[in-house]
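Below, each chain spelled out in residue letters.
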Amino acid sequence: MGSTSQKHHHILPTKTALTIGALLLVLTAITVWIAHIDLGPFNFVIATAVATLKASLVALYFMNLKYESSENRMIFITSFLFLAIFIVLTATDLFFRQEVSVHGTFIAEGSSQSKLKKPWVSTPELVAHGKEIYAIQCVACHGLEGKGNGPAAAALNPAPRNFEAVDGWKNGRKPTMVFKTLKEGLPPSSMASYATLPADDRWALTHYVLSLHPQVEVDSPADFARVGIDPNQESVQEKEDPKISIELAMSQLAHAESGMERGAHLYHSRFEQVQEGPFIGKYLYQKHCLECHGDHGKGGIKVSVLGVYPVAFVATHPLNQQSPSMNSQEVFNQAVIRGIPGNLMPGYGNLSSSELKGLYQYLKAENE
Amino acid sequence: MLQEETVIHHHAHHFTSANHEFEAAKQGMWIFLVTEVLMFGGLFVAYGLFRGLYPEMFHEAHQHLAVHMGALNTVVLITSSLTMALSVSSAQKGHKVSSVRYLVLTLILACCFLGVKYFEYSHKFHDGLLPGGFFTNTEIKSPKASLFFSLYFMMTGLHGIHVLIGMGVISWILRRTLRGEFGPSYYTPIELVGLYWHFVDLVWIYLFPLLYLVG
């Protein structure tokens, strides 16, 4: 048993060590300094380059890679080679994948050009129309009377706005501001964007919401300018692409798919033969809607409001005469095609009008 | 008291010489470091991907990190790397007293690093700048900002765990140095711990600019 000393070994001279240490500190100062100058994408390039220079100094001198056997050097450097492959291949996905967007299918009408004249001027008809949409889209959170106390409100933080109060509004109570809230939502809260509703409907909602408190705030020309509206013109022209974001499309697809799978299972076990004619409504209901609206549209199923933390639930109402959307095929179609944003109910823009009719008639007949 | 002394280390019987043993051990360490590069690499790729997808969000969120704290920690860690290197070379030359002194310095600097991190983390906790569903901050407008903080905590947290482990192994070789187990003829463990510690520094050298400076 011998004990030869480790004599072939390179020992880092103290002076070199101190020089490298000082160099590293100087380079640190340089990166911090350069980061304060705005050079656009070059900030990132420079920061990574300096970091790589520093890392090389540490590896070459402190880790002694400069005097290391070529075998060990190769081993270590190879790991960075593999890392580079990993980074480059992943980056190609980022740079070359085409914009994924779903056109149309989930949204019935792509453009939201207003059909009404000057919808930003409140009229009793608009308020009434807003009330109808409100009863479908907003009650779950904001409550029947707009007090911010709907069934889902208890679990929401921040709580839904109380429309009977003047305080605590984030965007504000002027019509253009409420309109902006409805277009953009109030991220990161559960107040979602309702940009999928036509602009006219959003104005109607705005006027209804504001009618809940007697104190009126009037828009100045600057307020109109901020939302891109010329109040002297006749109608709003919202330039919107008829496409929805990747995330929304994916969540919609996931919803639709999971619903379809469950629906298909039910279909096969119970309604082996029926697929067409008068049964189409029943079949579609079983396929898409049963999981949330319960047997025969009796409601009472708890649906989780996704994207809210902690998790909140809304119990569905029975789809009977009392339900605001069960009084006309029109309103029903709007509710089903657009869904209810805030992740409550997916939109079913891919249903044909005869399918929608079938669904409506089925629900009507079941809940007579 | 500490004295300079000759150390007799017997290499294991399956090596032809002490040098052979040392080279094998060191190669093992390098291979271990390769796995570490790939482990942190995954996180860096995730960082790059999400930064590419949401540049504005990263820009907004990174402004909530304290640059001065990060810079201070960079200085602390680089200095600790220097003291570690000096400790290794002292051990190789057989200067036990200075080797011990540098190891203790390295340990103190590592404590400083974690101390600064503690203040940073508690500040983030207080502001609700937390990963995923725990994110409660309302100042940041970007709806996806929790993603940045998921990455921030994952990356600095994994690095912090490495610092903790580093402190453990440094304490271990400090004890062995005090017992006089190392000298010019045998210093394998101290050199390998040195390699590990420099690697921890190396990771931080990238983390600091990517998270704190260019977000």
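Not measured: the values here are computed from a predicted model.

**Considerations on the overall build of chain A**
When helices and strands are counted, chain A shows twelve helices and six strands. Taken over 368 residues, chain A has a buried fraction of 41%.

**Quick word on the interface of chain B and chain A**
If you look at the interface, chain B gives 62 residues, while chain A gives 51 residues. Both faces considered, chain B and chain A share a buried interface measuring about 4900 Å² in area, 73% of it formed by carbon and sulfur atoms. The partner of Lys26 of chain B in a salt bridge is Glu68 of chain A, with the nearest N and O atoms 3.0 Å apart. For the interface between chain B and chain A, the tally reads seven residue pairs in polar contact (both at pLDDT 80 or more). Secondary-structure elements contributing two or more residues to the side of chain B that touches chain A are helix H1 (18-53), helix H3 (67-93) and helix H6 (188-213) of chain B. For the side of chain B that touches chain A, the leading source of residues is H1 of chain B, giving 20 residues.

**As for the pattern of salt bridges**
Applying the stated rule across the entire model yields nine salt bridges over all chains. Shared partners join several salt bridges into a network, and the residues in it are Lys174, Asp223 and Arg226 of chain A.

**With respect to the packing of helix H1 (residues 14-35) of chain A against helix H2 (residues 41-62) of chain A**
All names here are of chain A. Between H1 and H2, whose axes approach to 10 Å, the crossing angle comes to 170°. The angle between the axes of H1 and H2 places the two elements in the roughly antiparallel class. Touching Thr16, Ala17, Ile20, Gly21, Leu23, Leu24, Leu27, Thr28, Thr31, Ile34 and Ala35 of H1 are Asn43, Ile46, Ala47, Val50, Leu53, Lys54, Leu57, Val58, Tyr61 and Phe62, all from H2. The residue makeup of the contact of H1 with H2, split by class, is 15 nonpolar, five polar and one charged.

**Considerations on the confidence of the model for chain A**
Residue and element names in this part refer to chain A. Mean pLDDT for chain A: 79, with 78% of residues reaching 70 or above. Considering each helix and strand of chain A separately, the mean pLDDT is smallest for strand S1 (residues 102-103), with a value of 36, and largest for H1, with 94. Confidence drops under a pLDDT of 50 for residues 260-277, and excluding neighbours within four residues, the segment shows 17 contacts in the predicted structure.

**Some words on H6 of chain B**
Along an α-helix, residues three or four apart share an orientation, since each turn contains 3.6 residues. All names here are of chain B. Between its terminal C-alpha atoms H6 stretches 37 Å, which fits the 38 Å expected from 26 residues at 1.5 Å a residue. Leu207 marks the point of greatest bend in H6, at about 25°, and the proline Pro209 comes within the next four residues. Most of H6 sits out of view: 25 of its 26 residues are buried.

**With respect to helix H4 (residues 96-126) of chain B**
The end-to-end C-alpha distance of H4 of chain B is 45 Å, a good match for the 45 Å that 31 residues give at a rise of 1.5 Å each. With its phi angle positive at about 70°, Gly128 of chain B sits one or two positions after the end of H4 of chain B.

Reading the values: the criteria
- Residues numbered from 1 in each chain as written.
- Chains lettered and ligands numbered in written order.
- Predicted model: local features only at pLDDT ≥ 70, side-chain atom pairs only at ≥ 80, totals over all residues.
- Heavy atoms only, no water.
- Helix = DSSP H or I, 4+ residues; strand = E, 2+ residues; numbered from the N terminus.
- Buried < 20%, exposed > 50% of the residue type's maximum accessible area, 1.4 Å probe, protein only.
- Contact = heavy atoms within 4.5 Å.
- Buried area = accessible area lost by both parts, 1.4 Å probe.
- Salt bridge = Lys/Arg side-chain N within 4 Å of Asp/Glu carboxyl O.
- Polar contact = N/O pair within 3.5 Å; in protein donor to acceptor, adjacent residues only side chain to side chain.
- Axes fitted to C-alpha atoms, helices over the stretch in contact; angles between N-to-C directions.
- Parallel < 35°, antiparallel > 145°, perpendicular 65-115°, else oblique.
- Nonpolar A, V, L, I, M, F, W, Y, C, P; charged D, E, K, R; others polar.
- pLDDT = per-residue confidence, 0-100.
- Expected span 1.5 Å × (residues − 1).
- Bend = angle between axes of the 7 residues up to and from the residue.

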